[in-house]
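Residues per chain are reported as follows:
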There are 2 protein chains.
Amino acid sequence: MPKPHDPLAPYRLAAETELDLVDFDPAAKPCSGGDKAADKREVEALALELDALQNLFYADRRFKLLVVLQGLDTSGKDGTLRGVFGRMSPLGVHTVSWKAPSSAERDHDYLWRIHQQVPAAGEITVFNRSHYEDVLVPLVNGAIDTKQARQRYAQIRDFERLLSETGTVILKFMLHISKDEQRERLQARLDDPEKRWKFQASDLQTRAQWDAYQRAYGRALGATASPWAPWHIVPADSKTHRNLMIARLLKTSLQALPLRYPDLDPALAKLKVQ
Amino acid sequence: MPKPHDPLAPYRLAAETELDLVDFDPAAKPCSGGDKAADKREVEALALELDALQNLFYADRRFKLLVVLQGLDTSGKDGTLRGVFGRMSPLGVHTVSWKAPSSAERDHDYLWRIHQQVPAAGEITVFNRSHYEDVLVPLVNGAIDTKQARQRYAQIRDFERLLSETGTVILKFMLHISKDEQRERLQARLDDPEKRWKFQASDLQTRAQWDAYQRAYGRALGATASPWAPWHIVPADSKTHRNLMIARLLKTSLQALPLRYPDLDPALAKLKVQ
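Residues numbered from 1 in each chain as written. Chains lettered and ligands numbered in written order. Predicted model: local features only at pLDDT ≥ 70, side-chain atom pairs only at ≥ 80, totals over all residues. Heavy atoms only, no water.

Caption draft 1: How the structure looks around the overall build of chain A. Looking only at helices and strands, one finds ten helices and six strands in chain A. Relative to its length of 274 residues, chain A is compact, with a C-alpha radius of gyration of 20 Å against a globular reference of 19 Å. Each principal axis of the C-alpha distribution contributes one length, and for chain A these read about 65 × 45 × 45 Å. In chain A, buried positions account for 51% of the 274 residues. Long-range contacts, defined as pairs at least 24 residues apart, comprise 80% of the intrachain contacts of chain A with a sequence gap of at least 6. (Helix = DSSP H or I, 4+ residues; strand = E, 2+ residues; numbered from the N terminus. Rg over C-alpha atoms; globule rule 2.2 N^0.38 Å. Buried < 20%, exposed > 50% of the residue type's maximum accessible area, 1.4 Å probe, protein only. Contact = heavy atoms within 4.5 Å.)

In structure tokens, the structure reads:
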């Protein structure tokens with residue numbers, strides 16, 4: 001049960017669970033004070049705080065941070081990158097946009113290409129889509145059955161535990177939008193000549209499988225939530241709220257780490273450059 | 001000879017040339033109108049324009065952009081990334097910070113790891129240091145002689161021509177600071193407890209080889225300037241001017257490309273999402 005003082009507890013999944021996304025309202029705003037302008041200011045302030053934390057995280061070099069952004073088309077993965085991570089130095093944050101695997105990638109196991117892109121010491125890496133596509137898409141399309149999907153959930157749990165045990169902090173965010181909100185955003189993309197190129201016919205095919213994807217997401221999230229790689233379900237019909245919630249959760253996670261500047265030779269403090 | 005109407009022409013090297021960096025004043029401000037606050041505002045406005053151009057560049061997907069930042073320690077490579085590229089979406093710009101090669105990388109030719117990180121279609125990649133370290137450092141340290149260095153210049157020219165002929169726009173910037181300015185910046189780094197960790201003993205060794213590096217840079221830039229991968233010498237004692245000059249040159253280069261949104265099925269404009 002959620003603690004009364006933490007409004008985000010119901011959205012945090014840190015252990016295997018049965019899950020139905022229907023129980024989560026995409027229009028909820030558990031982080032909002034009700035004033036959109038104030039929320040926006042807080043997001044901007046948090047983005048600057050995250051920039052400072054990233055700097056310390058990099059200097060410390062004992063941890064790695066992997067952020068996973070999942071969600072259906074138009075759920076706001078790109079917008080999160082800009083709104084939450086956009087004030088960090090381009091040096092400090094690496095993003096990987098996962099697309100359909102290449103022929104060479106398909107010739108390996110599905111985690112092979114993922115493993116190559118996980119963060120190194122001091123790095124923050126954001127996955128825009130991720131290995132979760134490899135258990136969602138083939139399941140909905142019938143390329144794998146539920147038994148094979150369960151095998152993959154277990155493989156993913158083990159893979160993420162390896163990363164965690166070797167110094168990686170893993171935060172996974174499911175950007176949860178409603179079907180109505182997706183229709184509006186897809187339509188807006190089509191109606192804007194400068195954004196129309198982002199539209200793909202496959203977006204509508206995926207939309208037609210909405211219920212199947214909601215079920216597949218529910219199962220995948222529930223099966224891969226773990227203490228070492230928790231999922232957060234982010235109500236994302238409001239873009240401002242989405243950014244606010246993710247930025248707050250990131251800040252909390254980074255502040256919970258014992259980050260410090262590295263120990264240096266004390267003589268350095270008195271050194272004069274010639 | 002420079003055209004009278006282009007104050008930046010003397011700083012652009014687009015063909016092999018004899019070059020001595022002593023002829024370039026690191027404190028020059030060919031882009032500045034003399035009002036630092038106005039220059040800063042222009043940098044900020046240009047960074048936003050570059051964000052919009054990056055968006056179109058990505059949509060177009062016919063070109064790739066490789067930006068090479070070179071310069072001695074504290075010359076401002078990190079600051080350029082933040083000041084010039086910092087308003088682009090983290091999705092739009094990839095940075096690669098080249099460090100000393102790993103054992104596996106040393107077992108291949110020096111361009112092997114570089115080639116793996118060049119931009120794909122629609123991508124902007126910024127190299128923070130680059131393959132030029134492989135012709136500067138070993139030459140100054142005596143690991144290769146001038147004959148071997150000349151061989152590498154030719155290899156680099158050929159490599160960059162390959163990239164250019166296959167759709168990559170290459171812009172190379174040499175951030176040129178004075179020895180006095182470097183002393184002040186290194187000292188400032190040492191004096192600030194939150195920045196001291198950035199200081200490395202090797203910084204002073206490299207500084208002690210200042211003249212040798214200036215000569216090596218002069219030769220390398222002159223030998224690898226080409227129409228397909230020009231060098232720009234950026235007077236960088238002023239951080240604001242450095243950003244202003246690089247942002248203007250980037251904007252000019254991007255605007256010179258025939259960028260356009262891709263052709264789409266006209267039916268898309270009338271499509272209604274269900």
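Following the structure, the description resumes.
Caption draft 2: Highlighting the relation of the copies chain B and chain A. Take chain B, turn it by 180°, move it 0.0 Å along the axis, and it overlays chain A with an RMSD of 0.0 Å. Read as a symmetry element, the transformation amounts to a two-fold axis. Minimal C-alpha distance to the rotation axis in chain B is attained by Pro90 of chain B, lying at 3.3 Å. Looking at the interface residues of chain B, 100% of them are also at the interface in chain A, so both copies use one shared face. (Least-squares fit on C-alpha atoms with pLDDT ≥ 70 in both.)

Caption draft 3: Seen up close, unusual backbone geometry. At Thr74 of chain A, a position not held by glycine, the phi torsion is positive, near 70°. Note on placement: Thr74 of chain A falls in the loop between strand E2 (64-71) and helix H2 (77-85).

Caption draft 4: The sheet that holds strand E4 (residues 124-128) of chain A, seen in detail. Residue and element names in this part refer to chain A. On the basis of which strands lie adjacent, the open sheet formed by six strands has the order E1-E6-E5-E2-E4-E3 and mixed pairing. Whereas interior strands pair on both sides, the edge strands pair on one side only; in this sheet they are strand E1 (12-13) and strand E3 (93-97). When E1 meets strand E6 (residues 231-235), the two strands line up antiparallel, connected through two bridges. Across the sheet, the residue bridging to Leu13 is Trp231, located in E6. Across the sheet, H2 touches E2, E3, E4 and strand E5 (168-176), and the angle it forms with E2 is around 140°. (Pairing = 2+ DSSP bridges. Axes fitted to C-alpha atoms, helices over the stretch in contact; angles between N-to-C directions.)

Caption draft 5: Representation of the interface of chain B and chain A within the structure. The interface is formed by 39 residues belonging to chain B together with 39 residues belonging to chain A. Of the roughly 3700 Å² buried between chain B and chain A on both sides combined, carbon and sulfur atoms contribute 62%. A per-residue breakdown of the area chain B buries against chain A is headed by Leu91, Trp197 and Val273 of chain B, which together make up 21% of the total. Between the two partners, chain B and chain A, sit two salt bridges. Close ionic contact of Arg82 of chain B with Asp51 of chain A constitutes a salt bridge, the shortest N to O distance being 3.0 Å. Of all the secondary-structure elements, those providing two or more residues to the side of chain B that touches chain A are helix H1 (36-60), helix H2 (77-85), strand E3 (93-97), helix H7 (179-191) and helix H8 (201-208) of chain B. Ranked by the residues each element gives to the side of chain B that touches chain A, the list is headed by H7 of chain B, at five residues. (Buried area = accessible area lost by both parts, 1.4 Å probe. Salt bridge = Lys/Arg side-chain N within 4 Å of Asp/Glu carboxyl O.)

Caption draft 6: Structural detail: the packing of aromatic side chains. Residues and elements named next belong to chain A. Enumeration according to the criterion identifies eight aromatic pairs over all chains in this entry. Geometrically, the ring pair formed by Tyr132 and Trp231 is edge-to-face, given 4.8 Å between the ring centres and 70° between the ring planes. Linking Tyr132 in the loop between E4 and helix H5 (133-140) with Trp231 in strand E6, this pair joins segments that are 99 residues apart in sequence. Trp231 gets classed as buried once you look at its relative accessible area, which sits at 1%. One cation-aromatic arrangement involves Arg152 over Tyr110; the distance from NZ or CZ to the ring centre is 4.6 Å. (Phe/Tyr/Trp six-rings, centres within 6.5 Å; stacked < 30°, edge-to-face > 60°. Lys NZ or Arg CZ within 6 Å of the ring centre and 35° of its normal.)

Caption draft 7: Up close: the environment of Leu66 of chain A. In this fold, Leu66 of chain A is placed in strand E2. Apart from residues no more than four positions distant in its own chain, Leu66 of chain A is found in contact with Pro119, Thr125, Phe127, Leu163, Thr168, Val169, Ile170 and Leu171 of chain A.

Caption draft 8: Expanded view of the side chain of Ser178 of chain B. Residues and elements named next belong to chain B. Residue placement: Ser178 occurs in the loop between strand E5 (168-176) and H7. Exposure remark for Ser178: the relative accessible area of 19% places this residue in the buried category. Here Ser178 is in contact with Pro26, Trp210 and Asp237, once residues within four sequence places are set aside.

Caption draft 9: Expanded view of the side chain of Glu160 of chain A. All names here are of chain A. Within the secondary structure layout, Glu160 lies in helix H6 (residues 146-165). A polar side-chain atom of Glu160 sits 2.7 Å from a polar atom in the side chain of Tyr132. Residues within four places of Glu160 in sequence aside, it is in contact with His131, Tyr132, Ile170, Lys172, Thr224, Trp228 and Ala229. (Polar contact = N/O pair within 3.5 Å; in protein donor to acceptor, adjacent residues only side chain to side chain.)

Caption draft 10: Broad picture of the packing of H6 of chain A against helix H9 (residues 210-224) of chain A. Residues and elements named next belong to chain A. One can describe the packing of H6 onto H9 by two numbers: an axis separation of 9 Å at closest approach and a directional angle of 40°. By the angle between their directions, the pair H6 and H9 is classed as oblique. For the crossing formed where H6 meets H9, the hand is right-handed. When H6 is examined against H9, the residues Thr146, Tyr153, Ile156, Arg157 and Glu160 are found in contact with a partner set consisting of Arg219, Ala220, Ala223 and Thr224. Grouping the amino acids of the contact of H6 with H9 by side-chain chemistry returns four nonpolar, two polar and three charged. (Parallel < 35°, antiparallel > 145°, perpendicular 65-115°, else oblique. Left-handed = near helix turned anticlockwise from the far one by under 90°. Nonpolar A, V, L, I, M, F, W, Y, C, P; charged D, E, K, R; others polar.)

Caption draft 11: Focus on the confidence of the model for chain A. In the predicted model, chain A carries a mean pLDDT of 95, and the fraction of residues at 70 or more is 99%. Overall fold confidence (pTM) sits at 0.91, and the ipTM for the predicted complex is 0.85. (pLDDT = per-residue confidence, 0-100.)

Caption draft 12: Geometry of the packing of helix H5 (residues 133-141) of chain B against helix H6 (residues 146-165) of chain B. All names here are of chain B. Contact pair H5 / H6: the axes reach a minimum separation of 10 Å and the direction vectors enclose 175°. As summarised for this structure, H5 and H6 are arranged roughly antiparallel, according to the angle between their axes. Across the interface between the two elements, Asp134, Val135, Pro138 and Leu139 from H5 touch Thr146, Ala149, Arg152, Tyr153 and Ile156 from H6. Grouping the constituent residues of the contact of H5 with H6 by class yields six nonpolar, one polar and two charged.

Caption draft 13: Quick peek at the pattern of salt bridges. Enumeration over the complete set of coordinates arrives at 26 salt bridges over all chains. Across the pair Glu181 of chain B and Arg185 of chain B runs a salt bridge, and its minimum N-O distance is 2.8 Å. In this pair, Glu181 of chain B and Arg185 of chain B are both assigned in helix H7, four residues apart and thus about one turn of the helix distant. Residues Glu181 of chain B and Arg185 of chain B agree in their burial class; the two are buried. A network of salt bridges, in which partner residues are shared, links Asp73, Arg129 and Glu133 of chain A.

Caption draft 14: Broad picture of the sheet that holds E5 of chain B. Residue and element names in this part refer to chain B. Taken together, the six strands give an open sheet; going across it, the order is E1-E6-E5-E2-E4-E3, and neighbouring strands pair in mixed fashion. The two strands at the open ends of the sheet, each matched to only one other strand, are strand E1 (12-13) and E3. Lying on the sheet, helix H10 (residues 239-255) is in contact with strand E2 (64-71), E5 and strand E6 (231-235); it crosses E6 at an angle near 150°.

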